[in-house]
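Each chain, written out:
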Amino acid sequence: MSEHEAPCPGWIDEHLNGVRYGLEGTVIAEQSSPYQRVTIIDSLAYGKGLLLDGCWMTAERQERHYHEAIVHPALCGAASVERVLVIGGGDGGTARECLRHAGVRQLDLVEIDGLVVEWSQHYLPAIGGSAWSDPRLQLTVGDGIAWVADAPNASYDVVIVDGSDPAGPAEGLFNRAFFEHCRRILRPGGVFVTQSESPEAFRQVHIDTVRLLRQVFGHADPLYGWVSMYPSGWWSWTFAAVDGPRYRQPDPTRAAAVAEGCQIWSPRWQRGCFEAIPAAIERALA
Ligand code: SPD
């Protein structure tokens, strides 16, 4: 989808549809895994960061915009948070935010690419933080699509899909069969969330993803935020639940326990971001 090129020395860019999204910095490690090209950079503005196949994934001084947004509406909204599944998320940031919730007893993190985990632990240790040594974390390097297909009915309270863009290893994380399994493995009161791309730079993928989730779950709500290193800087995460949009009403006790440590998320921020649906997207989804 995008190419990682270095058009001028000292810049690392993601290229998409005639626009480049770049950081000034240097590549400090790069290798092709069996799944994708994995690149670690050191940037002036955001510290060390990760690209997969030339697309921005995360960076030390930027990651909270993404990880707080994908995690806390789900973990503050689910009836229980005892058993959490994260598909993808090999940098550890989503796991770190989940494990700030004291009610989490087991977090299964299933990442397809062992090199992403290895290099995130080595080069970006602050992103996973204490998650990597937390006994509640069960890390599996394996196929998340097969994991959800094989998981028993009603086996998780929260399912989080923290994949990359729908090309290469993440392509199968955006289709009906996958979403149906995610719904099947949720317990009553359970909440599902997936990163659902940019309403501008990936407009059609975004609309298709929300539509499909509405068909599978009966309802789904995109939340809009900002990840300035991603194409257009405008991003979305779409939430659904087995028994109504409970993710819109954060549990006050759980919210209070995590809000103090957040840079971006708060119940108020979340309320605004669920309401901030662009008019044309709202019409397209109607
Ligand atoms: N275009 C970038 C989409 C990336 C989504 N996942 C990011 C991984 C952060 N844990």
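It should be emphasised that the depicted structure is a prediction, and the values quoted were computed from it without experimental measurement.

### A look at the domain arrangement of the chain
Part 1: You can read the domains of the chain as domain 1 (11-59) and domain 2 (63-285).
Part 2: A straight line from the C-alpha centre of domain 1 to that of domain 2 covers 22 Å.
Part 3: Residue-level contacts link 24 residues of domain 1 with 22 residues of domain 2.
Part 4: With both chains or domains summed, domain 1 and domain 2 bury close to 2,100 Å², and 69% of this area falls on carbon and sulfur atoms.
Part 5: Summed over the shared surface of domain 1 and domain 2, the result is 0 salt bridges.
Part 6: There are 6 residue pairs in polar contact (both at pLDDT 80 or more) connecting domain 1 and domain 2.
Part 7: Contributions of two or more residues to the side of domain 1 that touches domain 2 are made by β2 (11-16), β3 (19-32), β4 (37-43), β5 (47-52) and β6 (55-59).
Part 8: A per-element tally of the side of domain 1 that touches domain 2 places β3 first, with 6 residues.

### What about helix α7 (residues 203-217)?
Part 1: Counted at 1.5 Å a residue, the expected span for α7 with its 15 residues is 21 Å, and the 21 Å between its end C-alpha atoms agrees.
Part 2: Taken residue by residue, α7 has H206, I207, T209, V210, L212, L213, V216 and F217 as its buried positions.
Part 3: Taken together, the buried residues of α7 touch α6 (176-184), β11 (186-195), β12 (221-226), β13 (234-241) and α10 (279-285).
Part 4: Phi turns positive one or two residues past the end of α7, at G218, with a value near 90°.

### Things to note about the sheet that holds strand β8 (residues 106-111)
Pairing between the strands of a sheet comes from backbone hydrogen bonds, and it takes one of two forms, parallel or antiparallel.
Part 1: In spatial order, the strands read β9-β8-β7-β10-β11-β13-β12; together these 7 strands make up an open sheet with mixed pairing. Strands at the two margins of the open sheet, each flanked by one partner only, are β9 (137-141) and β12. Here the average twist between neighbouring strands, direction ignored, is 15°.
Part 2: Of the strand pairs in this sheet, strand β7 (residues 83-88) and β8 are connected by 5 bridges, and their pairing is parallel. Of the residues in β8, the one forming a bridge with I87 is V110.
Part 3: Strands β10 (156-162) and β11 of the sheet are contacted by α6, whose axis makes an angle of about 145° with β11.
Part 4: Each of β12 and β13 touches helix α9 (residues 267-275); the most contacted strand, β12, lies at about 110° to it.

Reading guide: rules and limits
- Residues numbered from 1 in each chain as written.
- Predicted model: local features only at pLDDT ≥ 70, side-chain atom pairs only at ≥ 80, totals over all residues.
- Heavy atoms only, no water.
- Domains from an automatic or database assignment.
- Contact = heavy atoms within 4.5 Å.
- Buried area = accessible area lost by both parts, 1.4 Å probe.
- Salt bridge = Lys/Arg side-chain N within 4 Å of Asp/Glu carboxyl O.
- Polar contact = N/O pair within 3.5 Å; in protein donor to acceptor, adjacent residues only side chain to side chain.
- Helix = DSSP H or I, 4+ residues; strand = E, 2+ residues; numbered from the N terminus.
- Expected span 1.5 Å × (residues − 1).
- Buried < 20%, exposed > 50% of the residue type's maximum accessible area, 1.4 Å probe, protein only.
- Pairing = 2+ DSSP bridges.
- Axes fitted to C-alpha atoms, helices over the stretch in contact; angles between N-to-C directions.

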